[in-house]
Amino acid sequence: MWAWRVDDFGGIDAMKWKELDEPSISEDEILVHVKASGINFAETRMRAGTYTGIKRPLTLGLEGAGVVEKIGPNVKNCKIGDKIFFRARGSHATKCVVKDYHAFPLPKNWDFKDGAAVGVGWLTAWHALYVTAKVKKHSKVLIEAIASSVGSAALQIAKNQGCFVIGTASSDAKLSKAKEWGVDEVINYKNENVLQRVMEITSNYGVDVGCMTIGTETSDDLIASMANGGKIVMYGSTGGREVKFDLGIGSRNLQLLSMSIDTADNYVPETLSTFRKYVLDGFNQGSFKPVIDRVIPSSDLPKAHKMVDDRKHFGKIILEFN
Ligand SMILES: NC(=O)c1ccc[n+]([C@@H]2O[C@H](COP(=O)([O-])OP(=O)(O)OC[C@H]3O[C@@H](n4cnc5c(N)ncnc54)[C@H](OP(=O)(O)O)[C@@H]3O)[C@@H](O)[C@H]2O)c1
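**Overview of unusual backbone geometry**
Argument step 1. Backbone torsion omega between arginine 56 and proline 57 reads 0°, so that peptide bond is classified as cis.
Argument step 2. Within the secondary structure layout, proline 57 lies in the loop between helix 1 (41-48) and strand 4 (58-59).
Argument step 3. Look at asparagine 109: it is not a glycine, yet its phi comes out positive at around 70°.
Argument step 4. Looking at where asparagine 109 falls in the secondary structure, it is placed in the loop between strand 8 (103-105) and helix 2 (112-115).
Argument step 5. With 9 C-beta atoms packed within 10 Å, asparagine 109 lands in the exposed category.
Argument step 6. Backbone geometry at asparagine 204 places phi at a positive 70°, although glycine is not the residue there.

Okay, structure coming up:
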């Protein structure tokens with residue numbers, strides 16, 4: 001098998017396409033012949049060695065889609081020959097080992113690139129909004145970086161739950177795209193005052209749920225924009241990890257909810273089971289759709305990392321494997 005490997009952390013040149021031995025699988029694992037793999041912001045940090053807990057050497061990639069080639073005896077979610085999408089580390093490779101609970105049947109009429117756009121962004125957005133914040137109908141939700149892979153999935157989930165959604169981005173081009181995908185109001189956080197705009201839009205109410213993914217650069221405004229009893233779900237730090245708040249937020253009964261889908265106790269029993277029930281159904285019915293910016297050959301992974309740094313994409317960049 002072949003894989004995009006990082007032996008020594010570093011810049012874009014640290015990624016090398018290498019031949020490796022095929023991995024073995026355990027009782028509850030699946031070996032997938034990968035056809036497409038999605039790009040995530042976190043991978044750029046993994047490559048650089050600044051992602052918490054990451055060890056080298058590593059095969060890059062966190063999600064993909066392909067054909068089941070081998071299964072362990074305890075696998076229940078698929079059989080050999082099935083087309084699936086999945087969440088698993090090491091997906092930027094021709095073969096990838098996937099845990100049974102992270103394998104999902106490819107929805108009807110989807111091809112592999114659609115499936116590769118789902119594993120991380122949608123599971124993160126579902127865990128954030130449905131499981132952690134428990135969004136309610138008519139909630140006012142602010143989604144930072146609405147054009148990101150997580151943000152564009154969160155938009156569809158929040159709208160599907162009947163929420164009013166405000167999205168932020170650093171460019172008007174991304175905000176126009178967000179309107180095409182159904183966002184109610186948009187704010188360019190680089191040249192508009194977020195707090196002032198949220199208060200105008202909500203008639204001084206604020207928002208019930210805030211999706212915090214940028215961190216230092218925008219956290220003061222997000223915290224100030226929250227309504228009484230509001231919940232901030234914190235899942236990213238693209239713009240810096242240090243966030244300060246005044247304990248006076250108690251007078252507004254704010255809840256700060258941090259999360260990681262890698263380590264949350266309720267992720268497997270609650271997030272994965274409700275995702276299978278509601279989100280997979282939404283994909284099959286067409287009420288939820290993967291958001292793909294572009295598809296590029298797997299040999300262009302360095303270009304994909306450069307695109308993440310350039311921040312012009314809306315939704316997913318997908319690598320296609322031959
Ligand atoms: N907690 C979890 O379990 C979990 C799981 C998955 C992902 N995440 C996190 O969620 C965040 C989004 O991930 P993603 O894969 O959806 O990202 P993505 O598609 O690459 O988008 C990231 C967005 O972040 C914004 N951004 C702000 N400052 C940035 C900077 N300095 N460099 C690059 N982008 C910056 C950009 O939007 P604007 O230009 O519009 O600001 C960019 O489009 C990441 O922090 C990721 O680590 C967390």
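Moving on from the model shown.
**Notes on the sheet that holds strand 14 (residues 255-258)**
Argument step 1. Here 6 strands make up an open sheet; going across it, the order is 11-10-9-12-13-14 and the pairing parallel. Strands with a single pairing partner mark the edges of an open sheet, and in this sheet they are strand 11 (185-188) and strand 14. Neighbour-to-neighbour, the strand axes of the sheet open up by a mean angle of 20°, direction not taken into account.

**Overview of the nonpolar core**
Note that soluble globular proteins tend to have their nonpolar side chains buried in a common cluster.
Argument step 1. Judged by nonpolar contacts, the single largest core of 98 residues is most densely connected at Ile84, Leu129, Ala154 and Ala158.
Argument step 2. Residue contributions to this core peak at 8 residues, all from helix 3 (residues 119-132).
Argument step 3. Split by domain, this core shows at least three residues from each of two domains, domain 1 (2-118 + 290-320) and domain 2 (121-258).

**With respect to helix 3**
Argument step 1. Look at helix 3: 18 Å from first C-alpha to last across 14 residues, which is about the 20 Å you get at 1.5 Å a residue.
Argument step 2. Judged by how many residues are buried, helix 3 sits mostly within the fold: 13 of 14 residues are covered.
Argument step 3. Among the residues trailing helix 3, lysine 134 stands out with phi positive, at a value near 50°.

**Looking at the packing of helix 3 against helix 8 (residues 267-285)**
Packed helix pairs are characterised by how far apart their axes lie and by the angle those axes make with each other.
Argument step 1. Contact geometry for helix 3 and helix 8: axes closest at 10 Å, N-to-C directions at 105°. Comparing the axis directions of helix 3 and helix 8 gives the class roughly perpendicular. Between helix 3 and helix 8, the contacting residues are Trp122, Leu123, Trp126, His127, Tyr130 and Val131 on the first element and Tyr267, Glu270, Thr271, Thr274, Phe275 and Val279 on the second.
Argument step 2. Per-class residue counts for the contact of helix 3 with helix 8 are 8 nonpolar, 3 polar and 1 charged.

**With respect to the site of the ligand**
Argument step 1. Lining the immediate surroundings of the ligand are 26 residues, of which Phe41, Ser148, Ser149, Ser170 and Gly236 lie closest.
Argument step 2. With 3 residues, helix 3 is the largest single contributor of residues to the shell around the ligand.
Argument step 3. Across the shell around the ligand, the residue classes tally to 12 nonpolar, 12 polar and 2 charged.
Argument step 4. In terms of domain composition, the shell around the ligand takes at least three residues from each of domain 1 (2-118 + 290-320) and domain 2 (121-258).

**Side note on the domain arrangement of the protein chain**
Argument step 1. Per the domain assignment, the segments of the protein chain are domain 1 (2-118 + 290-320) and domain 2 (121-258).
Argument step 2. Computed over C-alpha atoms only, the centres of domain 1 and domain 2 are separated by 28 Å.
Argument step 3. In this complex, domain 1 contributes 9 residues to the contact, which on the side of domain 2 involves 11 residues.
Argument step 4. In the side of domain 1 that touches domain 2, the residues fall into 4 nonpolar, 2 polar and 3 charged.

**Regarding the sheet that holds strand 2 (residues 15-19)**
Argument step 1. Spatially, the 3 strands line up as an open sheet ordered 2-1-4, and their pairing is antiparallel. Among the strands making up the open sheet, the edge pair consists of strand 2 and strand 4.
Argument step 2. When strand 1 (residues 2-6) meets strand 4, the two strands line up antiparallel, connected through 2 bridges. Paired with valine 6 across the two strands is leucine 58, which belongs to strand 4.

**Quick look at helix 9 (residues 301-310)**
Argument step 1. For helix 9, the full list of buried residues reads Leu301, Ala304, His305 and Val308. With its buried residues spanning 100° around the axis, helix 9 presents them on a single face. Opposite its buried face, helix 9 presents the exposed residues Lys306, Asp309 and Asp310, each directed more than 90 degrees away.
Argument step 2. Taken together, the buried residues of helix 9 touch strand 1, strand 2, helix 1, strand 15 (292-297) and strand 16 (316-320).
Argument step 3. One or two residues past the end of helix 9 sits arginine 311, with phi positive at roughly 60°.

What counts, and at which threshold
- Residues numbered from 1 in each chain as written.
- Predicted model: local features only at pLDDT ≥ 70, side-chain atom pairs only at ≥ 80, totals over all residues.
- Helix = DSSP H or I, 4+ residues; strand = E, 2+ residues; numbered from the N terminus.
- Buried ≥ 20, exposed ≤ 12 C-beta atoms within 10 Å, placed from the backbone.
- Pairing = 2+ DSSP bridges.
- Axes fitted to C-alpha atoms, helices over the stretch in contact; angles between N-to-C directions.
- Core = buried A, V, L, I, M, F, W, Y, C linked by C-beta atoms within 7 Å.
- Domains from an automatic or database assignment.
- Expected span 1.5 Å × (residues − 1).
- Parallel < 35°, antiparallel > 145°, perpendicular 65-115°, else oblique.
- Contact = placed C-beta atoms within 7 Å.
- Nonpolar A, V, L, I, M, F, W, Y, C, P; charged D, E, K, R; others polar.
- Near = placed C-beta within 6 Å.
- Arc of directions from axis to C-beta.

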